[in-house]
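Architecture at a glance
For reference, the chains in residue letters:
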Amino acid sequence: MQENLSRLTGDILNYLHFLKDEGVRSLPCAAGGGRDWPAPGGPGRSRAPTRAADAACPKPRPAPRAASAQDSSNALLEIAGRVAACERCALHKTRTRTVPGQGHPAPDILFVGEGPGEDEDLQGLAFVGEAGKLLTRMIEAMGYGREEVFIANIVKCRPPHNRKPEPGESAQCLPFLEEQISALKPRVIVTLGGTALEALLKVSGITRARGQWLEYKGIPVMPTFHPSYLLRVPTAKRDVWNDLQAVLGRLGRAVPTPANK
Ligand code: SF4
């Protein structure tokens, strides 16, 4: 009996290690799982109420795409290595650090901005300045954390004086983003501002295109305003929030309220 119990415990531990190696970080609560031990008093007494146990279970999240996440991580690292050495356009001459983008390797959402600013250029990270802080609040309002989405830009080096990237610079850099998208396989892409929309989809006029679903190689794309624009025109936040709610709807996720955020 003792020997069987030890073997069973070993098998369970091995299986849990296997799941961990596969990227599984949580297990669903079975009906009453862990709580429906026979009630004190032995058999015949009622078991823990399944409904109460279910209520205590967190809502299921989409299953992690573990295998593809590992492949994607490797591909993203390899792309970032090539970006770091890239001298394809003149922006390499004035950059401090390249900014390949960062986040979850198999995200629901990929946010695509224009290019790094001063803070991003110094830190090598996308969207870490004032506009980045606003983007973080937008992401959190959607019920995600920054680490659950991927954030990138059209150009990976800072244009001097924060000017817009020139069309030639965007065209030279775009293949990196295209490779990132094919590794990430996001369920939805959100383009931020007119430059990202134009470079990725060749569609001009963010004011007209904003809020309308478009498509990039079969992936739904929601164009919306850039957070920098929202810092200048806060009244446009309402439009952006409408766009982000449409994204949540497309992903089958409820719009968080303060109570369930
Ligand atoms: S902006 Fe892109 S294409 Fe230009 S040097 Fe930087 S990584 Fe290369």
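Residues numbered from 1 in each chain as written. Predicted model: local features only at pLDDT ≥ 70, side-chain atom pairs only at ≥ 80, totals over all residues.

For the rest of this paragraph, the subject is the overall build of the protein chain. Of the regular secondary structure elements, the protein chain holds 10 helices and 6 strands. Put simply, 68% of the contacts in the protein chain that link residues at least 6 apart link residues at least 24 apart. (Helix = DSSP H or I, 4+ residues; strand = E, 2+ residues; numbered from the N terminus. Contact = placed C-beta atoms within 7 Å.)

This part takes up the nonpolar core. Within the largest apolar cluster, 44 residues are counted, with the highest numbers of intra-cluster contacts made by Leu 110, Phe 111, Val 112 and Val 190. Among the elements that take part in this core, helix α6 (residues 167-184) stands out by supplying 5 residues, more than any other. With near-sequence residues (within four places) excluded, Leu 110 lies in contact with Phe 150, Ala 152, Ile 181, Leu 184, Pro 186 and Ile 189. (Core = buried A, V, L, I, M, F, W, Y, C linked by C-beta atoms within 7 Å. Buried ≥ 20, exposed ≤ 12 C-beta atoms within 10 Å, placed from the backbone.)

Let us look at the site of the ligand. Residues in contact with the ligand amount to 14 residues; listed here are only the nearest, Cys 86, Cys 89, His 92, Cys 157 and Cys 173. If one sorts the elements of the shell around the ligand by residue count, α6 sits on top with 3 residues. For the shell around the ligand, the per-class residue count stands at 7 nonpolar, 3 polar and 4 charged. (Near = placed C-beta within 6 Å. Nonpolar A, V, L, I, M, F, W, Y, C, P; charged D, E, K, R; others polar.)

Before going further, it helps to examine the pairing of strand β6 (residues 219-224). Sheet topology note: the strand β4 (residues 188-192)/β6 ladder contains 4 bridges and is parallel. Looking at the pairing, Leu 192 lines up with Thr 224 of β6. Here 3 bridges tie strand β5 (residues 214-216) to β6, and the two strands are oriented antiparallel to one another. What sits directly across from Glu 215, in β6, is Pro 220. Here β5 folds back onto β6 in antiparallel fashion, the turn holding 2 residues, of which Lys 217 has a positive phi close to 45 degrees. (Pairing = 2+ DSSP bridges.)

Notably, His 161 is not glycine yet its phi reads approximately 55 degrees, a positive angle. Residue position: His 161 is located in the loop between β3 (150-153) and α6. Of note, the phi angle at Lys 185 is positive, near 50 degrees, even though the residue is not glycine. Within the fold, Lys 185 resides in the loop between α6 and β4.

Spatially, β1-β3-β2-β4-β6-β5 is the arrangement adopted by the 6 strands of the open sheet, whose pairing is mixed. Each end of this open sheet is capped by a strand with a single partner; those strands are β1 (102-103) and β5. When β1 meets β3, the two strands line up antiparallel, connected through 2 bridges. Within β3, the residue paired with Gly 103 across the bridge is Phe 150. Most of the contacts of helix α10 (residues 237-250) go to β6, to which it runs at about 165 degrees, and overall it touches β2 (109-113), β4 and β6. (Axes fitted to C-alpha atoms, helices over the stretch in contact; angles between N-to-C directions.)

What follows covers the confidence of the model for the protein chain. Of all residues in the protein chain, 73% attain a pLDDT of 70 or more, and the chain-wide mean is 82. In this model, residues 7-64 is a region of pLDDT below 50 whose contacts with residues beyond four sequence positions or in other chains number 33 contacts. (pLDDT = per-residue confidence, 0-100.)

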